[in-house]
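One letter stands for each residue in the lines below.
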Amino acid sequence: MSSPLRISLAKANAGTAAQLADLGRQTFHDTFAASNGPADMAAYLAENFGPDIQLAELQDRENTFLLAHMQNELVGYAKLRDNSSLGLAEGQNPAGRLEIERLYVRDDWQGTGLGAALMRGILALAEQLHCTAVVLGVWEKNDKARAFYQRFGFREIGQHEFRLGQDVQTDLILRKGLAGR
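The structure contained in this document is the topic of the report that follows.

Parameters and conventions
Residues numbered from 1 in each chain as written. Predicted model: local features only at pLDDT ≥ 70, side-chain atom pairs only at ≥ 80, totals over all residues. Heavy atoms only, no water. Helix = DSSP H or I, 4+ residues; strand = E, 2+ residues; numbered from the N terminus. Contact = heavy atoms within 4.5 Å. Core = buried A, V, L, I, M, F, W, Y, C linked by side-chain atoms within 4.5 Å. Buried < 20%, exposed > 50% of the residue type's maximum accessible area, 1.4 Å probe, protein only. Expected span 1.5 Å × (residues − 1). Pairing = 2+ DSSP bridges. Axes fitted to C-alpha atoms, helices over the stretch in contact; angles between N-to-C directions.

### Some remarks on the environment of Val105
In this fold, Val105 is placed in strand E4 (residues 97-105). In sequence terms Val105 and Leu118 are 13 residues apart; their C-alpha atoms lie 9.2 Å from each other. Residues contacting Val105, with those up to four places away along its chain left out, are Thr27, Val75, Gly76, Gln110, Leu114, Gly115 and Leu118.

Here it is, written out as C-alpha cells:
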C-alpha cells in the first residue's frame, strides 16, 4: 500500500505560486510571529510572500521547489537554490552547493515525519545533482529547527544577518557535506 504523502517538483504556474504564497505566509507567521513585532512581521510577509513573488521564484532557473502533498493538499514545501555562496568567503566558487532557503511545514503536520521526508527528498536531489554540500541559514533562536538540522548531520560554519522588517537578526549558517565530494 502506498503512502498518501506525495513529494514532487513544483511546476512554474500561477496556481502553484498562489499556493506557495499562502502556505509560506501562513507557516512563517505561525512559526515566528510570537517572537517578533507585528510591524516587522507584516513588512517581511509583504516583501516575501505574494503570488507574483512566488511565480518569479518558480521561474528562476536557480531555484527548485519540492512540494509535499498529503491527499492532494499542500502541507509543506522546500525552496532550494543552486550554486549558493552562503557561508563562502568572497571569491570562493559556489558551484555544487545547494541551499535550503525554505523548509516549511504546516503546524498541524509538524511532528508527523513530513519535515524529515522533505529533508530526505532534498538530500536525494542534492546527490542526483552531484552537489558537494547542502547549506542553510536558521535563526539562532529557533531551537526546534536547529535540533532538526543537527539530526540530519548539519553543522554550524558561520552566521549572517537576516532582516525581518526593520529588525536585524542573526541566522546561523549550517552545512552538510555530501559523501565522496
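What follows continues from the structure just given.
### Thoughts on the nonpolar core
Judged by nonpolar contacts, the single largest core of 30 residues is most densely connected at Ile100, Leu103, Met119, Ile122, Tyr149 and Phe154. Ranked by residues supplied to this core, first place goes to helix H4 (residues 114-128) with eight residues. What Ile100 contacts, discounting residues up to four positions off in sequence, is Lys79, Leu80, Met119, Ile122, Val134, Val135, Leu136 and Phe154. By size, the runner-up hydrophobic cluster in this structure holds 17 residues, among which are Tyr44, Leu58, Leu67 and Leu74.

### A word on H4
Taking 1.5 Å as the rise per residue, H4 with 15 residues should run 21 Å; its terminal C-alpha atoms sit 21 Å apart, in good agreement. Every buried residue belonging to H4 is among Leu114, Gly115, Ala116, Ala117, Leu118, Met119, Ile122, Leu123, Leu125 and Ala126, and all of these are buried. A positive backbone phi angle near 60° is found at His130, which sits one or two residues after H4.

### Digging into the sheet that holds strand E2 (residues 63-70)
If you walk across this open sheet you meet the seven strands as E1-E2-E3-E4-E5-E7-E6, and the pairing is mixed. Strands with a single pairing partner mark the edges of an open sheet, and in this sheet they are strand E1 (5-9) and strand E6 (155-164). On average, each strand axis in the sheet is tilted by 25° relative to the strand beside it, whichever way the strands run. One ladder, built from seven bridges, connects strand E5 (residues 133-139) with strand E7 (residues 167-177); its direction is antiparallel. Each bridged residue has a counterpart across the sheet, and for Ala133 the counterpart in E7 is Gly177. Across the sheet, H4 lies against E1, E2, strand E3 (73-82), E4, E5 and E7, angled at about 160° from E4, the strand it touches most. Strands in contact with helix H5 (residues 143-151) are E4, E5, E6 and E7; relative to E5, the strand with the most contacts, it is inclined by about 165°.

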